[in-house]
Amino acid sequence: MKFNFQTIISGEKILLKPLSAADFDALYQVASDPLIWEQHPAFNRYQEGHFRTHFFMPALEAQSAFVIIDKQTEQVIGSSRYYDIEPEKQSIAIGYTFIGPDSWGNGTNQELKALMINHVSEWAEEIWFHVAKQNLRSSKAVEKLGAVLTDEEASTVDGIPFTRLHYKLNV
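Everything quoted here is computed from the prediction, not taken from an experiment.

How would you explain the environment of S79 if you had to name every residue and give the values?
Mapped onto the elements of the fold, S79 is located in strand β4 (residues 76-86). Looking at S79, the relative accessible area reads 1%, which means it is buried. Remark: the alpha-carbon pair of S79 and N44, spanning 35 residues in sequence, is separated by 17 Å. With sequence-adjacent residues up to four places away left out, S79 is seen in contact with L27, F55, F66, V67, I68, Y96, T97 and F98.

Residues and numbers for the nonpolar core, please.
L16, Y82, I92, V120, I127 and F129 are the most contacted members of the largest nonpolar core, which has 27 residues in total. Counting residues per element, the ones that place at least two in this core are β2 (14-18), β3 (65-70), β4, β5 (91-99), α4 (108-120), β6 (126-132) and β8 (160-170). In terms of residue count, the dominant contributor to this core is α4 (five residues).

Could you give me a rundown of the pairing of β6, with the residues and numbers involved?
On any regular strand, side chains alternate: one points to one face of the sheet, the next to the other face. β6 sits mainly inside the fold: seven of its seven residues count as buried. A two-sided burial pattern is seen for β6, the buried positions comprising E126, W128, H130 and A132 on one face and I127, F129 and V131 on the other. Handedness of the β5-α4-β6 crossover: right-handed. As paired elements, β6 and β8 share seven bridges and run antiparallel to each other.

Please provide a residue-by-residue account of the pairing of β2, values included.
Judged from the two bridges that link them, strand β1 (residues 9-10) and β2 form a sheet pairing that is antiparallel. The residue of β2 that forms the bridge with S10 is L15. Where β1 folds back on β2, the antiparallel hairpin that results is connected by three residues. When β2 meets β3, the two strands line up antiparallel, connected through five bridges. Each bridged residue has a counterpart across the sheet, and for L16 the counterpart in β3 is I68.

About the thresholds
Residues numbered from 1 in each chain as written. Predicted model: local features only at pLDDT ≥ 70, side-chain atom pairs only at ≥ 80, totals over all residues. Heavy atoms only, no water. Helix = DSSP H or I, 4+ residues; strand = E, 2+ residues; numbered from the N terminus. Buried < 20%, exposed > 50% of the residue type's maximum accessible area, 1.4 Å probe, protein only. Contact = heavy atoms within 4.5 Å. Core = buried A, V, L, I, M, F, W, Y, C linked by side-chain atoms within 4.5 Å. Right-handed = clockwise from strand over helix to strand, strands pointing away. Pairing = 2+ DSSP bridges.

Structure follows, in structure tokens:
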């Protein structure tokens, strides 16, 4: 089944728009806040060069990433993407998500994940979320969705070792 993973997805408070090269400045304005990355193994992603090389360019190349736009302010407030897309297993992961602190605690992340899950639910049987063990905010968020911790593994990101938690959500 051919599936369009990158399309405009609209919710009540947010709009997901496919990431384009023109989004760098607006997205980096959000990503430049060190608070966003304090629980991430690559905590220096707030630095422009690091963000461009290790986050933005791979997201753009993946062709499955979105910018998150606040519908009320029409401002970019973050990003997320699909990855580890395995059609033969009907399996996909959702992640590489960050949202600016002004949008924390108001249901934005929950709406984001619901929109992305609903978008792939006719195609996917299982959805994965991968979270650094020290990232308690993200672990709590995926557990609220009903995802279950299934495994953990030693991993690296940008050359930094960390423990990666695997959460699975059956659709």
